[in-house]
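# Structure at a glance
Here is what each chain is made of, one letter per residue.
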Amino acid sequence: MSNKINKVAITGGTHGNELTGVYLINKYKKNPDLVKRDSFKTLFMHTNVGAMKKCTRYVDKDLNRTFIKKDLVNDALYSYEDVLAKSINLKLGPKGAEKTAVDFIIDLHSTTSDMGLSIVIDNDNRLTWQVAAYLKEMEPDLHIFRWRGDTKEVSFVNSITKDGFAIEVGPIPQGVLRADLFFKTEKLVAHTLDFFEKYNRGDLHKVYETIEIYDHIKLLDFPRDKSGELNATVHPNLQDNGYYKLTKGDPLFITLEGEVINYEEEKDVYALFINEAAYYEKGFAMCLTEKKVIKI
Ligand SMILES: [Zn+2]
């Protein structure tokens, strides 16, 4: 953790219907001084402009599952997002290089589920976790979720660089700009940039040793019938109730006939990304996690 940070990228519109990131980048375009710091350069950009125009998550496929090293150099892949991922990879990466064009990526997202102010981390790098601990100190309401993925290789935009994370805030319906969470996201980005400024100047008089996280256990699908259609949905206890603690015997799902399906595992878990609209097509009703304190 001794190298200086030279360049940070803020990316928004990775999912074209998540307007917090789309409009925050618009705001930075009008007021670049907001993200200017003396000791490093900040680059900000819209990622999936095609999806933004249509106000959809993506055009052909989920851009935030497209940054797979071998695919980024595969000329036979030419969907809208495959081509886009290659150009973004060249601008910010390339992924896997010892020295990437930027040192850290902050990718902006929102979710329809009640995630409050959260960051999603998919790497084990010390710098990323030091930033996370600093953010938690600045914003005690922040939740930190360690994602273990739905793809073999982490394929998020922020996986182009070794260090980085996604900001997830919600609940926000798709295609909606919500003021309170917009300003919270903006503040979190500003804190992140302030961290790098202090880091570069040697003004961080503290090394964080531990952090409380929600650690990915598994993704849980809806109960489905033989044809794959949902025959139950999330129980009302969990709806709009992010980071819900589930104990054996607690209601989990409810069938369309009103029959309650309970959580039957022995281990207490915390549910998040509950009933996220974008995850219906992926086959996830929620993510189950373990709350723990880890050494960083
Ligand atoms: Zn998103």
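Residues numbered from 1 in each chain as written. Predicted model: local features only at pLDDT ≥ 70, side-chain atom pairs only at ≥ 80, totals over all residues. Heavy atoms only, no water.

## Topic: the overall build of the protein chain
Looking only at helices and strands, one finds 6 helices and 13 strands in the protein chain. Its C-alpha radius of gyration of 19 Å places the protein chain within 12% of the 19 Å reference for a compact globule of 296 residues. The dimensions of the protein chain, computed from C-alpha atoms along their principal axes, are 60 × 45 × 35 Å. Among the 296 residues that make up the protein chain, the fraction classed as buried is 53%. Of all intrachain contacts in the protein chain linking residues separated by at least 6 positions in sequence, the fraction that spans at least 24 positions is 73%. (Helix = DSSP H or I, 4+ residues; strand = E, 2+ residues; numbered from the N terminus. Rg over C-alpha atoms; globule rule 2.2 N^0.38 Å. Buried < 20%, exposed > 50% of the residue type's maximum accessible area, 1.4 Å probe, protein only. Contact = heavy atoms within 4.5 Å.)

## Section: the packing of aromatic side chains
One pass over the full model with this rule turns up 17 aromatic pairs. Taken together, a centroid distance of 6.1 Å and an interplanar angle of 65 degrees make the contact between Phe145 and Phe273 edge-to-face. Of this pair, Phe145 sits in strand β5 (residues 143-146) while Phe273 sits in the loop between β12 (269-272) and β13 (286-295); the two residues are 128 residues apart in sequence, bridging distant segments of the chain. Here Phe145 matches Phe273 in class, with each residue buried. (Phe/Tyr/Trp six-rings, centres within 6.5 Å; stacked < 30°, edge-to-face > 60°.)

## Some words on the coordination of the zinc ion
Coordination of the zinc ion by the protein involves His15 (ND1), Glu18 (OE), Glu18 (OE) and His109 (ND1), with metal-donor separations of 2.1 to 2.4 Å. Angles of 57 to 152 degrees at the metal separate the 4 donor atoms of the zinc ion, which places the site in the irregular class. (Donors = N, O, S within 2.8 Å, 3.2 Å for Na, K, Ca; no water. Tetrahedral: all angles 85-135°; square planar, octahedral: opposite > 155°, others 65-115°.)

## So, the domain arrangement of the protein chain
The domain boundaries assigned to the protein chain delineate domain 1 (7-208) and domain 2 (216-295). Between the C-alpha centres of domain 1 and domain 2 the distance comes to 26 Å. In this assembly, 20 residues from domain 1 lie in contact with 21 residues from domain 2. When the two sides are added together, the surface that domain 1 and domain 2 hide from each other amounts to roughly 1700 Å², 58% of it contributed by carbon and sulfur. Where domain 1 touches domain 2, the interface holds 1 salt bridge. Between Lys282 and Asp62 there is a salt bridge, and its shortest N-O distance comes to 2.8 Å. (Domains from an automatic or database assignment. Buried area = accessible area lost by both parts, 1.4 Å probe. Salt bridge = Lys/Arg side-chain N within 4 Å of Asp/Glu carboxyl O.)

## Remarks on the side chain of Asp62
Tracing the backbone through its elements, the reader meets Asp62 in the loop between α2 (49-54) and α3 (69-72). A distance of 2.8 Å separates the side chain of Asp62 from the side chain of Lys282, its partner in a polar contact. Ignoring anything within four residues of it in the chain, the contact list for Asp62 reads His15, Arg57 and Lys282. (Polar contact = N/O pair within 3.5 Å; in protein donor to acceptor, adjacent residues only side chain to side chain.)

## A look at the nonpolar core
Residues Ile106 and Ile119 are the most contacted members of the largest nonpolar core, which totals 40 residues. Looking at which element gives the most residues to this core, the answer is helix α6 (residues 179-201), with 8 residues. Once residues within four sequence positions are removed from consideration, Ile119 is found in contact with Ala132, Leu135, Leu142, His143, Ile144, Phe145, Phe165, Ala166, Ile167 and Leu188. Membership of the second largest hydrophobic core comes to 16 residues, among which are Ala232, Val234, Leu238 and Ala285. (Core = buried A, V, L, I, M, F, W, Y, C linked by side-chain atoms within 4.5 Å.)

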